[in-house]
Amino acid sequence: MKQQFSIKMCALLCGAVICIPSINSFAQSSANVSVATAPNPMDPVLVTANRAPTLATNVLADYDYIGREEIEQAGQTSLVDLLQRQRGVQITNGSGGSGNSGASVFLRGTSNSQSIVLIDGVRSDSAFNGGPTWESIPLPLIDHIEIVFGPQSSLYGADAIGGVVQIFTKDGNGPAKVSASTGYGTYGTSVSSASIYGSTDGDQKIRYSLGVSESLSTGFNSVASNNPFALTAMKTGYVQNGVTGKLSQEWAQGQTFGFQMMQSRMNSQVPQFNTLDYYNNASWYSGMVSGAPGPQQAQNTISQIGIYTLFSKNQITDIWKSSLQASISNNNGQSIQDATPYSPAYSPYINTSQNLYTWQNDISLGSDLLQILGERRTQSVNSLQYNSVADYNFNNGISSTTGPSTGFSQTRDTNSIAASYQLKRGDNLANISIRNDSISAYGPQTTGAISYGYFFTKEWRVNINYGTGFRAPSFNDLYYPGYGNPNLLPEKSKNTEIGIHYDTSNFEAHLVGYDNSISNMIQSGLVGCTAQAIQFLGGCANNVGYAHITGISFGGMAKVSNFTLKGSIDQENPENVTADTTLYKRARTFGNASAEYAYQKLIAGFGGTFSGQRQDLPGFDATTFAPYNGQMGGYSIFNLYTSYEFEKDWTVFARWNNIFDKQYQLTYGYNTMGSNVFVGIRYAMK
């Protein structure tokens, strides 16, 4: 497979190089050609915080920015691992496997399903469980990332309680450019990518970009010695393929029509048992745990995302800009489970899709901006899963029509209208926004936000924000046979934060305190559940939780001579008030620090990530029947990286992650990567 991809990569790259002369002859360069440059990481222009390009110093929401340079230094790091090194972000690694299958990202203590991910402005999440499938998003094809913290439902609708992560792929502008990169590292890991991007010249520009990538690994043993599920050591790997592209034409001044897409597929191995073994192996299951299930296997978990968008951007008048977008966003998953002596082969699947239509109008009123937005989102899910409740009913004559594999198909519509006003008067900034989302079977959900900021000096400013948010129940919460509850209410949040910021061309610092209350949290409960659901699933979906998350987040960056210093520390109290416990898998203290040295064509850096102890779900060991508390210890991991441009446009790079081989867990009972090295070479036209 690696050899096949290398051939494909060479074919694409050679074709791109051959095309450059003809493209450049069509797009003759001149002194007036505008060449895209990388945003300034000290003061980038952000789009996500206000749904319009805004200089970072004028953004009132708390944010973080990951630039192209940091992504290029990532080596074999996945997107989830890269996010772990950012302020205000914690992660888990799912149920093991080196491809981060099932990984979750927590923004300021909120859950994976309480934040949303946009890819070039389009939502990418699973309507079945809620939240994105992070492992499906190919890091090599990402240009830069914006993270906006706090409730953003008044701008983006449902699920944006903890914040929004927006991923941007490359845009084309200026003469055609080609880039390609390949590297190899520990665990048999290889990462390769290639892209071509640019634009024609003249008044009616055609902009284009195309990128492909493949990452693969033979993996490592992800099953820890304390694994409570009767799993033993197993090496698991993955293969990820991705392609992204954009094509647009400015057919008249201020009038652009275009198409963009991303398609990615992750095939990762996960240590598991055939699901049917839990119920077909009578020596293991007879109403309670009484031994280990049947033979374990390295199951192939396939996850795919596909996003396809048509857009039109139109300057209607001197003050009125319109943007119309129609998108299809698919998020599909399947688990390939081989046959065992107890059970046949089994391949459950979950397919979800979203059709999104957005019309955004930006009206400039002097230095102010009025936004009016209309949106429609249709979600659908089609699934086939094992259902222990249905199996029990079938085997006991309660139902004669439903076997152990039970699926469901459902759809729902959300119609939304929103408005926001951004005001700037001298040293004063203010934003106000309101949105109404009308969801099938729920009626209207109204959210709002108001923010105020004041510049004491050009460098010093303060802000205070208040906002509300909500999360709609997932299809799993609503309809999964035996567990779902169609009477669930949406989760609701109220968030207040205050921040003080200092920004200069070489130094920045941000100190933010926040208080977020989340009511109607959806958890497993006993109210309204059948006896079978309580026996086999421990309950059914209920609005039984209340969470209160408070914290202080500090981060800064400084450029001193040839050094760039960056660091952050977060102290938070993510409390499940209902259960009087800390929210699972969240640490109270975590942070990052790095130092980078740049001299002429050499870059060298050192960084570290640390986290306090965390509490995972407790339970009973499947083999010994002894209880375990799920306690996971704190950790500190350190990394080294370097790159050197040895010829024009040619760079060699290397990264050494976890240099002290720290053994730690992000999910109880599963290993993370030990010390690992990745080296590679990159060609990038400038």
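Quick caveat: nothing in here was measured; it's all calculated off a predicted structure.

Let us look at the overall build of the chain. The number of helices and strands found in the chain is eight helices and 36 strands. Within the chain, the fraction of its 686 residues that count as buried is 54%. Nonlocal contacts in the chain, meaning residues at least 24 apart in sequence, comprise 64% of its contacts between residues at least 6 apart. Carbon and sulfur atoms provide 59% of the accessible area of the chain, an area that totals close to 28300 Å².

This part takes up the state of the cysteines. Simply put, the disulfide is a covalent bond whose two ends are the sulfur atoms of two cysteines. One pass over the full model with this rule turns up one disulfide. At a sulfur-sulfur separation of 2.0 Å, the disulfide partner of Cys529 is Cys540. Looking down the S-S bond of the Cys529 and Cys540 bridge, the torsion is -85°, so its handedness is left-handed. Residue Cys529 is located in the loop between strand S24 (507–525) and helix H8 (531–537), and its partner Cys540 is located in strand S25 (residues 540–560); the two are separated by eleven residues in the primary sequence. For the residue pair Cys529 and Cys540, the accessibility class agrees, reading buried in each case.

Attention now moves to the pattern of salt bridges. Per the counting criterion, the structure on display carries 20 salt bridges. Between Arg425 and Asp368 there is a salt bridge; the shortest N-O distance is 2.7 Å. On the criterion of sequence distance, the pair formed by Arg425 in strand S19 (residues 405–425) and Asp368 in strand S18 (residues 368–386) is long-range, its members being 57 residues apart. One connected set of salt bridges, linked through shared partners, spans Asp62, Arg87, Arg108 and Glu497.

Residue position: Asn431 is located in strand S20 (residues 428–439). By relative accessible area, which is 17% here, Asn431 ends up buried. A polar atom in the side chain of Asn431 sits 3.3 Å from the side chain of Asn50. Look past the residues within four positions of Asn431 in its chain and what remains in contact with it is Asn50, Leu60, Tyr421, Gln422, Leu423, Ala449, Ile450 and Ser451.

A word on the packing of aromatic side chains. What the rule picks out here adds up to 16 aromatic pairs. Relative to Phe408, the ring of Phe128 lies with its centre 5.9 Å away and its plane at 25°, an arrangement referred to as stacked. Pair noted here: Phe128 is in the loop between strand S7 (122–123) and strand S8 (144–149) and Phe408 is in strand S19, with a separation of 280 residues, a long-range link. Here Phe128 and Phe408 have matching classes, each one buried. Aromatic side chains Tyr628 and Tyr668 sit 5.1 Å apart centroid to centroid with 0° between the ring planes, which places their arrangement in the stacked category. Within this pair, whereas Tyr628 is found in strand S32 (residues 627–628), its partner Tyr668 is found in the loop between strand S35 (650–657) and strand S36 (676–684), the two being separated by 40 residues in sequence. Tyr668 matches Tyr628 in its accessibility class, with the two residues each being buried. Connected via pairs of aromatic rings, a cluster forms that spans Phe128, Phe408, Phe475, Tyr479 and Tyr480. For Arg586, the ring lying beneath its charged end belongs to Phe106, and the centroid distance is 4.2 Å. Here the guanidinium or amino end of Arg682 rests over the ring plane of Phe653, the centre of that ring lying 4.5 Å away.

The next subject is the pairing of strand S6 (residues 115–119). S6 sits mainly inside the fold: five of its five residues count as buried. By the alternation rule, side chains of S6 split into Ser115, Val117 and Ile119 and Ile116 and Leu118, which are all buried. Both S6 and strand S9 (residues 163–168) contribute to a ladder of five bridges, which runs parallel. Directly across from Ile116, in S9, lies its bridge partner Val164. In this structure, the hairpin formed by S6 and S7 is closed by a connection of two residues, where Asp120 is found at a positive phi of approximately 50°.

Attention shifts here to a nonpolar patch on the surface. Residues Phe456, Trp460, Ile500, Leu511, Ile552, Phe554, Ile569 and Phe610 make up a contiguous nonpolar surface patch of about 720 Å² in total accessible area. Tracing the sequence through the fold places Phe554 in strand S25. Assessed through its relative accessible area of 38%, Phe554 is described here as partly exposed.

A word on unusual backbone geometry. Even without being a glycine, Asp120 presents a positive backbone phi close to 50°. Looking at the element boundaries, Asp120 is found in the loop between S6 and S7. By relative accessible area, which is 13% here, Asp120 ends up buried. Residue Ser561 is not a glycine yet carries a positive backbone phi of 55°. Following the sequence through the fold, Ser561 ends up in the loop between S25 and strand S26 (563–576).

What tends to happen in soluble globular proteins is that the nonpolar side chains get buried as a cluster. The biggest cluster of nonpolar side chains holds 32 residues, and the ones touching the most others in it are Leu79, Trp134, Ile137, Ile145 and Ile147. Sorting the residues of this core by element identifies helix H3 (79–84), strand S4 (89–92), strand S5 (104–107), S6, S8, S9, strand S15 (296–315) and strand S34 (635–647) as the ones contributing at least two each. A per-element tally of this core places H3 first, with four residues. Look past the residues within four positions of Trp134 in its chain and what remains in contact with it is Leu79, Val80, Leu83, Ala103, Ser104, Val105, Asn112, Val117 and Val165.

Moving on: the side chain of Asp143. For Asp143, the location among the structural elements is in the loop between S7 and S8. The class for Asp143 is buried, based on a relative accessible area of 6%. Here Arg68 takes part through its side chain, which lies 2.6 Å from a polar atom of the side chain of Asp143. Setting aside its immediate chain neighbours within four residues, Asp143 contacts Gly67, Arg68, Ile71, Phe168, Thr169 and Lys170.

The strands making up a sheet are joined through hydrogen bonds of the backbone, oriented either antiparallel or parallel. On the basis of which strands lie adjacent, the open sheet formed by five strands has the order S3-S8-S9-S6-S7 and mixed pairing. Strands at the two margins of the open sheet, each flanked by one partner only, are strand S3 (63–66) and S7. Sheet topology note: the S6/S7 ladder contains two bridges and is antiparallel. Each residue of the ladder has a partner; that of Ile119, found in S7, is Val122.

What counts as what
- Residues numbered from 1 in each chain as written.
- Predicted model: local features only at pLDDT ≥ 70, side-chain atom pairs only at ≥ 80, totals over all residues.
- Heavy atoms only, no water.
- Helix = DSSP H or I, 4+ residues; strand = E, 2+ residues; numbered from the N terminus.
- Buried < 20%, exposed > 50% of the residue type's maximum accessible area, 1.4 Å probe, protein only.
- Contact = heavy atoms within 4.5 Å.
- Areas by Shrake-Rupley, 256 points an atom, 1.4 Å probe, with all protein chains shown as cover.
- Disulfide = S-S within 2.5 Å.
- Salt bridge = Lys/Arg side-chain N within 4 Å of Asp/Glu carboxyl O.
- Polar contact = N/O pair within 3.5 Å; in protein donor to acceptor, adjacent residues only side chain to side chain.
- Phe/Tyr/Trp six-rings, centres within 6.5 Å; stacked < 30°, edge-to-face > 60°.
- Lys NZ or Arg CZ within 6 Å of the ring centre and 35° of its normal.
- Pairing = 2+ DSSP bridges.
- Patch = residues over 30% accessible without salt bridge, like charges linked within 9 Å, V, L, I, M, F, W, Y side chains within 5 Å.
- Core = buried A, V, L, I, M, F, W, Y, C linked by side-chain atoms within 4.5 Å.

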